[in-house]
Amino acid sequence: MSDQIKFIVDNLNKEPFRKNYNLITFDSLEPMQLLQVLNDVLAEIDPKQVVDIREEMPEQTAKRMLSLLGILKYKPPGNAADMSTFRQGLVIGSKPVIYPVLHWLLQRTSELKKRAYLARFLIKLEVPSEFLQDETVADTNKQAFEFLFTFCHKGGVICISEYEDLMEAFKTLHKECEQLKTSGFSTAEIRRDISAMEEEKDQLIKRVERLKKRVEAVQNHQRMLKIARQLRVEKEREEFLAQQKQEQKNQLFHAVQRLQRIQNQLKSMRHAAADATPESLMKRLEEEIKFNSYMVTEKFPKELENKKKELHFLQKVVSEPAMGHSDLLELESKINEINTQINQLIEKKMMRNEPIEGKLSLYRQQASIISRKKEAKAEELQEAKEKLANLEREVSVKTSQTREFDGTEVLKGDEFKRYVSKLRSKSTVFKKKHQIIAEFKAEFGLLQRTEELLKQRHENIQHQLQTIEEKRGISGYSYTQEELERVSALKSEVDEMKGRTLDDMSEMVKKLNSLVSEKKSALAPIIKELRQLRQKCQELTQECDEKKSQYDSCAAGLESNRSKLEQEVRGLREECLQEESRYHYINCMIKNLEVQLRRATDEMKAYVSSDQQEKRKAIREQYTKNIAEQENLGKKLREKQKAVRESHGPNMKQAKMWHDFEQLMECKKQCFLKQQTQTSIGQVIQEGGEDRLIL
């Protein structure tokens, strides 16, 4: 309870309450003040609850708080009988009632705010039908619907189905809103992206306008643009077809790998089934059935019962109030007393020392040991199965990860061997290529060195040429001549490129025109054939539909006949099986009767025969002999019982005398031991039947 109050005080001192309480001031609040604190917390969750409870009747306050707590799904501790005490405690402001409510509300304030907000839109305004019979109530209900959903009229009458549809739409929109809030999208980032995309759009529009102005000066630009558009469409189509081809290749590759994997699994299963026999399979199935039946009938019910007991105990512990140190000490003392009582009962049971109970306890111990071993083995088997399932899941996850990483399956068996051999061949090729690259690198180093030497020689020659030009008075002549040659070479290249581009464009246009005409001429007969084939296809589809309807009707009739015949065959088979089982049962009964008849004839022969040896073998003689022996034994036991009864009284008396004699001797022994231990304070003299003490 102290931890609960501390939690409540800490939360009330924080935002948005800021009450400035401590444990003493909060505990000393009057019931009216405590109810006002509870109302403030409820007002923070639902703003409609902002009320001064001094201006409100206690019954209205309790009703309002109970309705809101019901909407928030608060469950008071205890059963239905405690609900009246809970309501009464809420009316009078009882601390044992208010404190748990405050603790529950302050623990989950944000969640309860959302629940209260949703309750405003999701609680149906249901009025019982018996109250709607009153015209005033019906009119008020109708006005409320019209006020809440004025946009949902159909001919002046509110539609209840649309009211429910609006509630479902609100649920979906609220879920989408929550998902967007938690998805991590930022409005600022989205706005920046939109502004950047608008800028890119403006730039693209400007570039398109510039290109249009350039193209308008070219002759037949519309035709060229149309041809270029067709070319672009064909290229996109070609890329799409290439992508489809690549996807189909990947699908084919995956299908081949799946086929190989399934074939390997089939081989392994056939190999496993080749060594298996029906007896071994039946034995394995019987073991699995025994294990599953043990788990279902013994282990799982025990575990379920233990869990229920533990849950009941925990619920009982939770429902009880918080315990202090004194309560714990009292419980410990009770536990110690019960333990001592249990030990005393065990000692009494051991003092009885009944032999039958001893034997049964031995068997019970053995049975408990066997059951514990059985449970341990079952748990080990269950853990092994779970471990195997986890390993299989890990293997599947790893295979899917490898498949996502490089798009290939994990290789196994012969495929892995082929892959290793391929890697070896590739490694040899790699070594050869690596050696060639090393040779090229060495040659590249030599050429680079020669290039550096030639550059140094060129620089020296240029320096000598500049000194000679300065001496002759024509410095810069070689540089200007090189620049003029370079500019003229560039101009000639540009002119060639311009001519080449124009020629290329004209040739491309001619080629495209020729290609289009060729495609048209090539497609003309195909289009004619396609029209004929379409007509033929329509006729064939009509004929196919007619045939299909005929086939469906015929198949339905045949299916009904087949089902009837199957039912008849099933009934005849069941009848045959019943007759066969009846036949086997009668055969067994006949054999049993024959055996009994044979034994009866043999008995009659032995009983009737004059041979004494044969008569002794008869069952009747054996039974009469056993009966006589048991009667003699009974007579002896009765005589023995009679003798025991007659000697019981004297024997018990003698036993009691011996017991008293034993106690007397024990007492003398104790007295003698005490006399030996005590110091002698005088001398005892016995004379003439008198005892005298001389100090």
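Residues numbered from 1 in each chain as written. Predicted model: local features only at pLDDT ≥ 70, side-chain atom pairs only at ≥ 80, totals over all residues. Heavy atoms only, no water.

Draft legend 1. The arrangement of the overall build of the protein chain in detail. The number of helices and strands found in the protein chain is 20 helices and 4 strands. Counting every position in the protein chain, which comprises 695 residues, the buried fraction comes to 11%. Considering only contacts within the protein chain whose residues lie at least 6 apart along the sequence, 52% involve residues at least 24 apart. Summing over all exposed atoms, the protein chain offers an accessible surface of approximately 60200 Å²; the carbon and sulfur share of this is 57%. (Helix = DSSP H or I, 4+ residues; strand = E, 2+ residues; numbered from the N terminus. Buried < 20%, exposed > 50% of the residue type's maximum accessible area, 1.4 Å probe, protein only. Contact = heavy atoms within 4.5 Å. Areas by Shrake-Rupley, 256 points an atom, 1.4 Å probe, with all protein chains shown as cover.)

Draft legend 2. Broad picture of a positive patch on the surface. Taken together, the side chains of Lys-206, Arg-207, Arg-210 and Arg-214 present a region of like positive charge at the surface. Relative to the elements of secondary structure, Lys-206 occurs in helix α11 (residues 187-216). (Patch = residues over 30% accessible without salt bridge, like charges linked within 9 Å, V, L, I, M, F, W, Y side chains within 5 Å. Salt bridge = Lys/Arg side-chain N within 4 Å of Asp/Glu carboxyl O. Lys, Arg positive; Asp, Glu negative; His and termini not counted. Charge placed at Lys NZ, Arg CZ, Asp CG, Glu CD.)

Draft legend 3. Region of the structure containing the side chain of Asn-11. For Asn-11, the location among the structural elements is in helix α1 (residues 2-13). By relative accessible area, Asn-11 is classed as buried at 16%. Excluding anything up to four places from it in sequence, Asn-11 contacts Phe-17 and Leu-106.

Draft legend 4. Spatial organisation of the pattern of salt bridges. What the rule picks out here adds up to 15 salt bridges. The shortest N-O distance in the salt bridge between Asp-52 and Arg-54 comes to 3.2 Å. Here Arg-54 falls in the exposed class, since its relative accessible area comes to 67%. Of the charged contacts in the structure, one is a salt bridge between Glu-111 and Arg-115, with a shortest N-O distance of 3.1 Å. Linking Glu-111 with Arg-115, this pair stays in helix α7 (residues 109-122), spanning 4 residues, or about one helical turn. The exposure class assigned to Glu-111 is partly exposed, which follows from its relative accessible area of 40%. Several salt bridges converge on common partners, so that one network encompasses Glu-559, Arg-562 and Glu-566.

Draft legend 5. Main features of the packing of aromatic side chains. Inspection of every chain in the model, using the stated rule, returns 6 aromatic pairs. With centroids separated by 6.0 Å and ring planes inclined at 35 degrees, the aromatic side chains of Tyr-74 and Phe-86 adopt a geometry described as tilted. Taken together, the positions of Tyr-74 in the loop between α4 (58-71) and α5 (82-92) and Phe-86 in helix α5 put the pair 12 residues apart, joining distant regions of the chain. (Phe/Tyr/Trp six-rings, centres within 6.5 Å; stacked < 30°, edge-to-face > 60°.)

Draft legend 6. Broad picture of helix α3 (residues 31-45). Helix length check: α3, at 15 residues, gives a terminal C-alpha distance of 21 Å against a target of 21 Å (1.5 Å per residue), a fit within 8%. Of all the positions in α3, only Leu-34, Leu-35, Gln-36, Val-37, Leu-38, Asn-39, Val-41, Leu-42, Ala-43 and Ile-45 are classed as buried. (Expected span 1.5 Å × (residues − 1).)

Draft legend 7. Structural view of a nonpolar patch on the surface. Judged by side-chain polarity, Tyr-585, Ile-586, Met-589 and Ile-590 come together as a nonpolar surface patch covering roughly 370 Å² of accessible area. Assignment of secondary structure puts Ile-586 in helix α17 (residues 477-608). When its relative accessible area of 37% is taken as the criterion, Ile-586 is described as partly exposed.

Draft legend 8. Fine view of the nonpolar core. By size, the foremost hydrophobic cluster in this structure holds 32 residues, and its most contacted members are Leu-12, Phe-26, Leu-38, Leu-72, Leu-102 and Leu-105. Mapped onto this core, the elements with two or more residues apiece are α1, α3, α4, α5, α6 (95-107) and α7. Broken down by element, the residue count for this core peaks at 8 residues, all from α6. (Core = buried A, V, L, I, M, F, W, Y, C linked by side-chain atoms within 4.5 Å.)

Draft legend 9. Molecular detail of the confidence of the model for the protein chain. This prediction gives the protein chain a mean pLDDT of 79; 83% of its residues lie at or above 70. Here residues 151-159 is a poorly scored stretch, pLDDT under 50, and it has 11 contacts once near neighbours within four places are set aside; other chains count. (pLDDT = per-residue confidence, 0-100.)

Draft legend 10. Looking closely at the side chain of Asp-46. In this fold, Asp-46 is placed in the loop between α3 and α4. When neighbours within four sequence positions are excluded, Asp-46 is seen to be in contact with Leu-68 and Ala-116.

Draft legend 11. Structural context of a negative patch on the surface. Together, Glu-198, Glu-199, Glu-200 and Asp-202 line one region of the surface with negative charge. Structurally, Asp-202 is set in helix α11. Judged by relative accessible area, Asp-202 falls into the partly exposed class, the value being 42%.

Draft legend 12. Inspection of the packing of helix α19 (residues 619-646) against helix α20 (residues 648-677) at higher detail. In the contact formed by α19 and α20, the axes pass within 4 Å of each other and the chain directions differ by 45 degrees. When the axes of α19 and α20 are compared, the pair comes out oblique. Along the contact surface, α19 presents Val-644, Arg-645 and Glu-646, while α20 presents His-648, Gly-649 and Pro-650. Counted by class, the contact of α19 with α20 contains 2 nonpolar, 2 polar and 2 charged residues. (Axes fitted to C-alpha atoms, helices over the stretch in contact; angles between N-to-C directions. Parallel < 35°, antiparallel > 145°, perpendicular 65-115°, else oblique. Nonpolar A, V, L, I, M, F, W, Y, C, P; charged D, E, K, R; others polar.)

Draft legend 13. Structural context of the state of the cysteines. Overall, the coordinates contain 0 disulfides when judged by the stated rule. Free cysteine Cys-544: the closest other cysteine sulfur is in Cys-537, separated by 9.8 Å. We classify Cys-544 as partly exposed; its relative accessible area is 45%. (Disulfide = S-S within 2.5 Å.)

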